[in-house]
Amino acid sequence: VKNEIDQLFFRLLNRKQNPNIAKFMEEGDPKKLIIEVASNWKADLIVIASHNRTGIRKVLVGSVAESVLHHARCPVLIIPSQK
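Residues numbered from 1 in each chain as written. Predicted model: local features only at pLDDT ≥ 70, side-chain atom pairs only at ≥ 80, totals over all residues. Heavy atoms only, no water.

**Describing the packing of helix α2 (residues 30–40) against helix α4 (residues 64–71)**
Here is step 1 of the chain: The interhelical angle for the contact between α2 and α4, taken along N-to-C directions, is 35 degrees, at an axis separation of 9 Å. In this structure, α2 meets α4 at a crossing whose hand is right-handed. Residues Pro 30, Lys 31, Ile 34 and Ile 35 of α2 lie in contact with α4, whose contacting residues are Val 64, Ser 67, Val 68 and His 71. (Axes fitted to C-alpha atoms, helices over the stretch in contact; angles between N-to-C directions. Helix = DSSP H or I, 4+ residues; strand = E, 2+ residues; numbered from the N terminus. Left-handed = near helix turned anticlockwise from the far one by under 90°. Contact = heavy atoms within 4.5 Å.)

In structure tokens, the structure reads:
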């Protein structure tokens, strides 16, 4: 998944319009941090990977992607994991 996101990131960087995009790494609760940073940056889009957990694993572990999808103020693009 990381390689897919990196490929998308670099494809966007190389576009002629040269969009203002950023990639970052923070420590803390990802559900809160992703939404907080996107809001502070006034992001137009959040791109996030999903591990496709279901059932009890999803209940116990939670889904960062799902939480971001439901709480973000901008569109969210979820890239599914390739198992």
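Once you've had a look at it, read on.
**Here we look at the confidence of the model for the protein**
Here is step 1 of the chain: Within the protein, residue pLDDT values average 78, and 71% of them lie at 70 or more.
Here is step 2 of the chain: Of all secondary-structure elements in the protein, the lowest mean pLDDT belongs to helix α3 (residues 55–61), at 54, while α2 reaches the highest, 92. (pLDDT = per-residue confidence, 0-100.)

**Quick look at α2**
Here is step 1 of the chain: For α2, every residue scored as buried is listed here: Leu 33, Val 37 and Ala 38. Summarising the axial view, the buried residues of α2 lie within an arc of 120 degrees, below the 170-degree limit, and thus occupy one face.
Here is step 2 of the chain: Residues of α2 that are buried make contact with β1 (46–50).
Here is step 3 of the chain: Sitting at the head of α2, Asp 29 places a side-chain oxygen 3.2 Å from the backbone nitrogen of Lys 31.
Here is step 4 of the chain: Looking one or two places after α2, you find Lys 42, whose phi comes out positive at around 55 degrees. (Buried < 20%, exposed > 50% of the residue type's maximum accessible area, 1.4 Å probe, protein only. Arc of directions from axis to C-beta. Polar contact = N/O pair within 3.5 Å; in protein donor to acceptor, adjacent residues only side chain to side chain.)

**Comments concerning the pairing of β1**
Here is step 1 of the chain: Of the two faces of β1, the one lined by Ile 46, Ile 48 and Ser 50 is fully buried and the one lined by Val 47 and Ala 49 carries no buried residue.
Here is step 2 of the chain: Pairing of β1 with strand β2 (residues 76–80) involves five bridges; the strand directions are parallel. Its bridge partner being in β2, Ser 50 is matched across the sheet by Pro 80. (Pairing = 2+ DSSP bridges.)

**Here we look at the environment of Ser 50**
Here is step 1 of the chain: Mapped onto the secondary structure, Ser 50 falls in strand β1.
Here is step 2 of the chain: Taking the C-alpha atoms as reference points, Ser 50 and Ala 65, 15 residues apart in sequence, are found 5.9 Å from one another.
Here is step 3 of the chain: Once you skip the residues sitting within four places of it in the chain, Ser 50 turns out to touch Ala 65, Ile 78, Ile 79, Pro 80 and Ser 81.

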